[in-house]
Amino acid sequence: MSTASTNGAAARGFKIDLTVLGPILALLALVLIGILLNPNFLSYANITNVLARSAFIGIIAVGMTFVITAGGLDLSVGSMAAFIAGLMILCMNLLIPGMGENLGVILIGVLVALAAGLVAGAINGLLVTRAGIEAFIVTLGTMGIYRSLVTWLADGGTLSLDYAMRELYRPVYYGGILGISWPIIVFAVVAILGEIVMRHTAFGRHCAAIGSNETVARYSTVAVLRVKTLTYVLLGLLVGVAVVMYVPRLGSASASTGLLWELEAIAAVIIGGTMLKGGFGRVWGTVVGVLILSLIGNILNLTDMVSPYLNGAIQGVIIILAVVLQRKGKASR
Amino acid sequence: MSTASTNGAAARGFKIDLTVLGPILALLALVLIGILLNPNFLSYANITNVLARSAFIGIIAVGMTFVITAGGLDLSVGSMAAFIAGLMILCMNLLIPGMGENLGVILIGVLVALAAGLVAGAINGLLVTRAGIEAFIVTLGTMGIYRSLVTWLADGGTLSLDYAMRELYRPVYYGGILGISWPIIVFAVVAILGEIVMRHTAFGRHCAAIGSNETVARYSTVAVLRVKTLTYVLLGLLVGVAVVMYVPRLGSASASTGLLWELEAIAAVIIGGTMLKGGFGRVWGTVVGVLILSLIGNILNLTDMVSPYLNGAIQGVIIILAVVLQRKGKASR
Amino acid sequence: MTAPALALHEVTKRFGPIEVLHGVDFDLRPGEVHALIGENGAGKSTMMKILGGYLSATEGEVRLDGKAVAFSESAEAEAAGVIMIHQEFNLAEHLSVEQNIFLGRELKRGPFLDHRSMQAKSRELMQALEANVAPTTRLSDISVPEKQMVEIAKALSRNVRVLIMDEPTAVLTGAEARVLFKQVRRLRDEGAAILFTSHKLDEVREIADRVTVLRDGAVVAHGPISDFTQDKMATAMVGREVSDLFPEKRPGGGETILEARDVDVPGHVTGASLALRKGEILGIGGLVGAGRTELMEGLVGLRPRTGEVKFKDTPLPDGDVAEARRRGFVYLTEDRKGAGLLLEKSLTENLTLSVLHRYAKPLIDRKAEARALEQAIKDFDIRVPSRDVQVGNLSGGNQQKLLLAKTMLADPEVVVIDEPTRGIDIGTKQQIYRLIHRLAEEGRSIIVISSEMPELIGLCDRVYVIHGGRISGELQGKEVTEDNVIRLATGLGGHREDAA
Amino acid sequence: ETIGVSIPAATHGWAGALNFHAEQTVERLEKQYENLDFVLTTTPDSGTQISDLEDMVATRNIDALVVLPFESEPLTGPIQRIAESGTWVTVVDRGLSQEGIENLYVAGDNESFGKTAGDYFVENLDEGSKVVVLRGIPTSIDNERVEAFQAALDGSGVEVLAMEHGNWNRDDAFTVMQDYLSRYPEIDAVWAADDDMAVGAIGAIEQAGREDEMWVVGGAGMKEMVRRVQEGDDMVPVDVTYPPAMIATAIELTALGVMSEGVPMSGEFILSSELITQENAEQYYYEDSPY
Ligand SMILES: Nc1ncnc2c1ncn2[C@@H]1O[C@H](COP(=O)(O)OP(=O)(O)OP(=O)(O)O)[C@@H](O)[C@H]1O
Ligand SMILES: Nc1ncnc2c1ncn2[C@@H]1O[C@H](COP(=O)(O)OP(=O)(O)OP(=O)(O)O)[C@@H](O)[C@H]1O
Ligand SMILES: [Mg+2]
Ligand SMILES: [Mg+2]
């Protein structure tokens, strides 16, 4: 027993290492390619740009990690973001005549965004858990609904934040402290909190248990429905946070805002090593996944080697390769 | 015990009825709404239009049913369709100078489309089974790749079939026998064959077994990898068939061909009652799901009651409702 | 006598219109170990689930300390100190041992998990159960018996007043069962009430204070253990006398049909060589975790292996179970739930899964399938509430019988049966032993992996014993004794003449 | 010297042609001028476009920028900052929401696009005629065009039966047109607002066998459509220009401005939409364009 089991443990240890190192190796490879292609790649400006623009998808993907770990899925986040952005801008514009252009308006806007995210997440969550509908269908439905609503709010065009207001709000995306811009800081905080919640709280553990086997979780007195609903609420709230960072960047929302964010977020989660069928999730992996996806875009802009028509193809190949790297150990299975 | 057993069957029969009737009820409700809103709804022309235009997604969704039943997923079908259509048109146009405009060129074009579908499906399948990468990631990758390739083939524009050729090929979409147009016939044949394969052959059973529990299937000497790969190959082939029906319609392919077909196909499959996690699939349900999706669009076009901006919202609500109907029985769970 | 801690009063249970318990009265007292025995499908698990708050009674009441209670969910039962270990594993495969043990009642420091305490306690609990598993190991990486120990540890970590254990020893060897009983006695002495069920009647004799016998959903006998001999229990359960559990042994004499030379299964088995003759019943003994399962899975092609395997003098390819089956060599798994049956599918779909090609020409002949099911139900005495029930809703023993039927449908020449009678009642056990015997008489060869010593000794004329991934010896004829097997299994040497 | 070019991705026919012309021009100019470099990016949405612009500034040190904003509002700020840093900025087609940011503005005229079509409808349809409209992707461009079209029709007695979105897509337009045809027994003309959609609409009309009943006006000057106008096709009497080649003009002018210092090429080039008729069709037909 003892010899056999130690061998077993060693083999297991090795396997885990590959899946842990996989995404990191892929990220490092991309960084290396970037450095080789363009000396400016490592410049402060470029690094800041890449990190800051990863923040939106990143913040959402952290929430998505919980939903997927608990065996769910959310296709609506992209249009939810667009809708919340639209709503937030509309509210702020409506308030300006009465309140003037001041921080109070921004504050109310932020609260509206967070509250809307919470409610939208709760709707998804309740439809999935209480009405018992497949998450894919619920969120496909709400995806269409939010996308339509924002188009309708914007009358088919673009909802724009009042110009003066935008200048006031701008620093939330472009400003920062100690040379680190706000979106990066917020992303980092969300990621760290996410990692802590996932690994060091009962909630995170319950998500994994539910994703692994819902019946077992229920039999072990885990409040399955509540935890599942909460994952969607958390995701909705984080979509709200992402919107709060996003609006100062674009100052507007339209039918094309947040297009395909859901796919990007889900891809980041899976590239990071979380299992799509649930049961196991890791937030730091998701962060790596988000960075990988952002870097691909950035690197393609660093060089003219490929026709822009083929950007999508390169992206596709790299996404697959990034995952091949980490799945190597299991390939033979 | 024997008396008890007959009663048991009856009780279960009732439960099954709800999930069986669900999609059909939703479909009937839509038909009723259609009739009430517009007297032309039931006209021969409208029915033919709706059925014929459902054919592409429908044919693909039948294949998707197998992939999902076996626990897989394929996000690449939309761009795969675009790519195959582009390839087919390109080949046919290249052949015309040498061969003239005749049926032979069409035949070769058809063969190219089917072969390309087969190969594309096999690539997805092998990456999933042999390289052991999550299907979501593989097909997200190939989705980007095919979409890029068709843009590149078309030089960013539209690939159009030679005009005379198009006239020759046209009847494959617009023609038919006994007043039933070809796409409808092909869709019906594919659906019926699909239903037979799913319910009455070893392959269909094996798909369900693999989706239900891969380990059990492997221990039961089911050739798990081969069956899984085959589901993707089958899907690829059916994408080829769909393209063969699609190209004669407008005779062109571009980067926007087949956009979001994957989501529509997957939604149809799930609305039809197949489980996203695999293990249980029904082809007739998928057909109903496809018709539901088509009808929603058709009905929205037949009335002005809602702002066109809100079409997506109505669609979303109906998709959710259609599934609520069939899940009612399980809601309390 | 003390007042009952937990009792049933005229409890009836129906699943839909099927009544599986008919007005059962039952009481469980503090400080006693109470054994609930009965045939497969008698309703033991159902009764235990009602007691544990996992199912509600259709009629009648559950009384806790004399007061009627209606646990609306298991959390309430658990809060009242009523803990249940299910017959089927109730563990999350993706989580670690420690995460499973504390699932639903994690120890915390402030808002955060107290990893250190939980790991320390898990280690302690597992050590008390003499299971050598690190708390951080993922559940999917441990063996079936180890999982059972985790399940037991999970129950023990709770605040136990009433402990309900549904066949906890089915997957354990005698030695491990004894470790469990030590804990059970400790709990009993601390005043807990313990209800358990087992098909191993010697264990029942050993540990129980009182016995209740259930047949077809009704209590047919109960009383202190002193009233029951093993035979009497068997008779009460089955409704007839069960004598001559094992048919007469038959020495296998034919030519060699399966031969393995220097087989390695990486991580589990090294340098195993063995030979199987036509018409032989060969035993494989060893302790849990010795690598018996892995060796056989390697031979049949379910795990990568190196070395030479010859079936009827032609080499068998590595990693191709389907080919092995085509040639007539099949393996019946010990992991019924994880690898044996599709729990959410029907009986038929499970039964014919591995030989569907025989029924598909190319369309599946449902009538032929139905006939096969009828035959299997008859041959293996499978008790089913209805023909189209989900396999997951069968009683555990009947699932095992279905699995046997499924394997035999492949019409194998050589069949490896891993733990053939796990969770099977004594009456059926006898039938299965006779079946194995009949198969051998027909000229087929059977390899039996078993952790039940009497089974090995009663069935097999020749036994290989495995220790630490190596074949530590071979016993034949009169040498097949409990002593010899245990000595080889624990690595104390002895016979090693022809193993390698 | 490096010139950055940022345009929307080829998600519909017109944008595809835009991509084609941009790539052709870049290739040609890179050959023509030894020390001129281009960075060409295509973008699926505003957010990505801002990222692309950031990358150009941070890593490619562009000296001039040619940009067709995906949307005006969100791009105004970022482009303004680039302009303020001293980079030459040429804005194409979609004007920014603040005036005076760009050095050079080359654009089509969406209002005139809608109005030209509308005027043709008013002139060629009798009072009480019935028209259906296929709109593009919901955007401000689409809104401007449709409003101008409606304004032109105002008071003419031509009735617009319905407007649905065909998303500048052949398949969507085909579907919507099929449903229009089921819904309305009488349609006299179709404004498809884009030649890709016109192709789809014509497909549906031919299928229904109602070619003789109505004609279709598209827009943007796709090769096939111009050819049909030229050949006097009754179904496609005219077309309205909105030349994707404007990007070539913009890039060329910018290159000229960057390379030959001292000759500032600032200003506005508004290419108003022309009506392509059988008489003038020849001059709008480009044989080797993919569009
Ligand atoms: N959810 C269910 N739906 C329908 N029938 C069920 C369900 N659960 C159990 N049964 C039936 O109830 C009967 C009693 O089952 P139970 O599991 O209690 O038997 P058991 O005595 O524990 O047998 P074993 O020794 O094989 O474990 C069986 O016939 C079983 O098929
Ligand atoms: N997937 C796995 N990865 C690594 N080690 C494993 C895995 N599965 C089992 N093991 C280890 O391999 C060893 C042998 O397993 P197992 O207990 O199944 O052997 P066995 O001799 O067949 O025992 P038994 O049949 O009595 O349960 C155990 O120590 C177990 O922890
Ligand atoms: Mg039981
Ligand atoms: Mg074993």
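Our subject is the structure listed above.
What you see is a predicted model; the values in this text were computed from it and never measured. (Residues numbered from 1 in each chain as written. Chains lettered and ligands numbered in written order. Predicted model: local features only at pLDDT ≥ 70, side-chain atom pairs only at ≥ 80, totals over all residues. Heavy atoms only, no water.)

Draft legend 1. The sheet that holds strand S1 (residues 6-15) of chain C, seen in detail. Residues and elements named next belong to chain C. Reading across the sheet, the four strands line up as S2-S1-S4-S5 and stay open at both edges, with antiparallel pairing between neighbours. This sheet does not close on itself; its edge strands, each paired only once, are strand S2 (18-28) and strand S5 (67-69). Shown here is a sheet whose adjacent strand axes are inclined to one another by a mean of 35 degrees, direction ignored. The pairing of S1 with strand S4 (residues 59-64) spans five bridges and is antiparallel. Within the sheet, the bridge partner assigned to Thr12 lies in S4 and is Glu59. Packed on one face of the sheet, helix H1 (residues 44-52) meets S1, S2 and S4 and runs near 120 degrees to S1. (Pairing = 2+ DSSP bridges. Helix = DSSP H or I, 4+ residues; strand = E, 2+ residues; numbered from the N terminus. Axes fitted to C-alpha atoms, helices over the stretch in contact; angles between N-to-C directions. Contact = heavy atoms within 4.5 Å.)

Draft legend 2. Layout of the relation of the copies chain A and chain B. Rotating chain A by 180 degrees and moving it 0.1 Å along the rotation axis overlays it on chain B with an RMSD of 0.2 Å. Such a combination of turn and shift is consistent with a two-fold rotation axis. Identified as the residue of chain A closest to the rotation axis by C-alpha distance is Lys277 of chain A, at 3.7 Å. Most of the interface of chain A is mirrored in chain B: 100% of its interface residues are interface residues there too. (Least-squares fit on C-alpha atoms with pLDDT ≥ 70 in both.)

Draft legend 3. Structural detail: the packing of helix H4 (residues 103-129) of chain A against helix H11 (residues 224-250) of chain A. Residue and element names in this part refer to chain A. It is the contact of H4 with H11, at a shortest axis distance of 7 Å, that shows an interaxial angle of 150 degrees. When the interaxial angle is binned, H4 and H11 end up roughly antiparallel. Considering how the two elements wind past one another, H4 and H11 form a crossing that is right-handed. Along the contact surface, H4 presents Val110, Ala113, Leu114, Gly117, Leu118, Gly121, Ala122, Asn124, Gly125, Leu126, Val128 and Thr129, while H11 presents Leu225, Lys228, Thr229, Tyr232, Val233, Gly236, Leu237, Gly240, Val241 and Val244. Partitioning the contact of H4 with H11 into residue classes produces 13 nonpolar, eight polar and one charged. (Parallel < 35°, antiparallel > 145°, perpendicular 65-115°, else oblique. Left-handed = near helix turned anticlockwise from the far one by under 90°. Nonpolar A, V, L, I, M, F, W, Y, C, P; charged D, E, K, R; others polar.)

Draft legend 4. Geometry of the site of ligand 2. In the vicinity of ligand 2, 18 residues are found, and the nearest of them are Ser143, Gly291, Arg292, Thr293 and Glu294 of chain C. At the site occupied by ligand 2, the surrounding residues belong to chains A and C. Ser143 of chain C places a side-chain nitrogen or oxygen 3.3 Å from an oxygen atom of ligand 2. Within the side chain of Glu146 of chain C, one N or O atom sits 3.1 Å away from an oxygen atom of ligand 2. Only helix H1 (2-37) of chain A together with helix H5 (144-157) and helix H9 (292-300) of chain C provide two or more residues apiece to the shell around ligand 2. Of the residues that constitute the shell around ligand 2, the class distribution is four nonpolar, eight polar and six charged. When residues are assigned to domains, the shell around ligand 2 turns out to be shared by domain 1 (6-238) and domain 2 (256-489) of chain C, each giving three or more. (Near = heavy atom within 4 Å. Polar contact = N/O pair within 3.5 Å; in protein donor to acceptor, adjacent residues only side chain to side chain. Domains from an automatic or database assignment.)

Draft legend 5. Fine view of the site of ligand 1. Residue and element names in this part refer to chain C. Taken together, 19 residues form the shell around ligand 1, and within it Lys44, Ser45, Thr46, Ser395 and Gly397 come nearest. Between ligand 1 and Lys44 there is a distance of 2.7 Å, counted from an oxygen atom to a side-chain nitrogen or oxygen. At 3.4 Å, a side-chain N or O of Glu167 approaches an oxygen atom of ligand 1. Breaking the shell around ligand 1 down by element, the ones donating at least two residues are H1 and helix H15 (396-408).

Draft legend 6. Expanded view of the pairing of strand S13 (residues 256-265) of chain C. Residues and elements named next belong to chain C. Bridging between S13 and strand S14 (residues 269-277) involves six bridges; their strand directions are antiparallel. Within S14, the residue paired with Glu259 across the bridge is Ala275. Counted along the chain from S13 to the antiparallel partner S14, the turn is three residues long, and its residue Gly267 has a positive phi close to 90 degrees. With five bridges joining them, S13 and strand S16 (residues 306-311) adopt antiparallel strand pairing. The residue bridging Asp264 from the neighbouring strand is Thr306, located in S16.

Draft legend 7. The arrangement of the nonpolar core in detail. Formed by 315 residues in total, the largest nonpolar core has its most connected members in Phe121, Met177, Ile187 and Trp191 of chain D. Setting aside anything within four residues of it in sequence, one finds Met177 of chain D in contact with Val132, Ile187, Val190, Ala201, Ala204, Ile205 and Met214 of chain D. Ala202 of chain A together with Ile101, Ile194 and Leu201 of chain C belong to the second largest nonpolar core, which has 56 residues in total. (Core = buried A, V, L, I, M, F, W, Y, C linked by side-chain atoms within 4.5 Å. Buried < 20%, exposed > 50% of the residue type's maximum accessible area, 1.4 Å probe, protein only.)

Draft legend 8. The arrangement of the interface of chain A and chain B in detail. In this complex, chain A contributes 46 residues to the contact, which on the side of chain B involves 46 residues. Across the chain A/chain B interface, buried area totals approximately 3,800 Å², and carbon plus sulfur atoms make up 74% of it. Where chain A meets chain B, there are zero salt bridges. Our count for the contact surface shared by chain A and chain B stands at seven residue pairs in polar contact (both at pLDDT 80 or more). If one sorts the elements of the side of chain A that touches chain B by residue count, helix H5 (residues 135-153) of chain A sits on top with 13 residues. Here the side of chain A that touches chain B is composed, by residue class, of 28 nonpolar, 13 polar and five charged. (Buried area = accessible area lost by both parts, 1.4 Å probe. Salt bridge = Lys/Arg side-chain N within 4 Å of Asp/Glu carboxyl O.)

Draft legend 9. Summary view of unusual backbone geometry. Residue and element names in this part refer to chain C. Following Lys361, the chain continues to Pro362 via a peptide bond in cis, the omega torsion being -15 degrees. Assignment of secondary structure puts Pro362 in the loop between helix H13 (356-359) and helix H14 (366-380). For Lys312, which is not a glycine, the phi torsion comes out positive at approximately 50 degrees. Of note, Lys312 is situated in the loop between S16 and strand S17 (314-315). Given the relative accessible area of 40%, Lys312 is considered partly exposed. The phi angle at Asp411 is positive, at roughly 55 degrees, despite the residue not being glycine. If you trace the backbone, Asp411 turns up in the loop between H15 and strand S19 (414-418).

Draft legend 10. Structural view of the coordination of the magnesium ion (ligand 4). Residue and element names in this part refer to chain C. Protein ligation of the magnesium ion (ligand 4) involves Thr293 (OG1), Glu334 (OE) and Glu334 (OE), the donor distances falling in the range 1.8 to 2.7 Å. Pair noted here: Thr293 is in helix H9 and Glu334 is in the loop between strand S18 (329-332) and helix H11 (336-340), with a separation of 41 residues, a long-range link. Given a relative accessible area of 18%, Glu334 falls into the buried group. (Donors = N, O, S within 2.8 Å, 3.2 Å for Na, K, Ca; no water.)

Draft legend 11. Structural view of H15 of chain C. Taking 1.5 Å as the rise per residue, H15 of chain C with 13 residues should run 18 Å; its terminal C-alpha atoms sit 19 Å apart, in good agreement. Along H15 of chain C, 13 of the 13 residues are buried, which leaves the element largely enclosed by surrounding structure. (Expected span 1.5 Å × (residues − 1).)

Draft legend 12. A look at the sheet that holds strand S8 (residues 189-191) of chain D. All names here are of chain D. Across the sheet, which stays open at both edges, the four strands sit in the order S7-S6-S8-S9 with parallel pairing between neighbours. Edge strands, defined here as strands with exactly one partner in the open sheet, are strand S7 (159-165) and strand S9 (215-217). Across this sheet, the average inter-strand angle for adjacent strands is 20 degrees, counted without regard to direction. Looking at chain direction, strand S6 (residues 130-135) and S8 are connected through three bridges and run parallel. Looking at the pairing, Val132 lines up with Val190 of S8.

Draft legend 13. Geometry of the arrangement of the chains. The top pair by number of contacts, from a total of five pairs of chains in contact, is chains A and B. Kept free of each other, chain C and chain D leave a smallest C-alpha distance of 38 Å between them.

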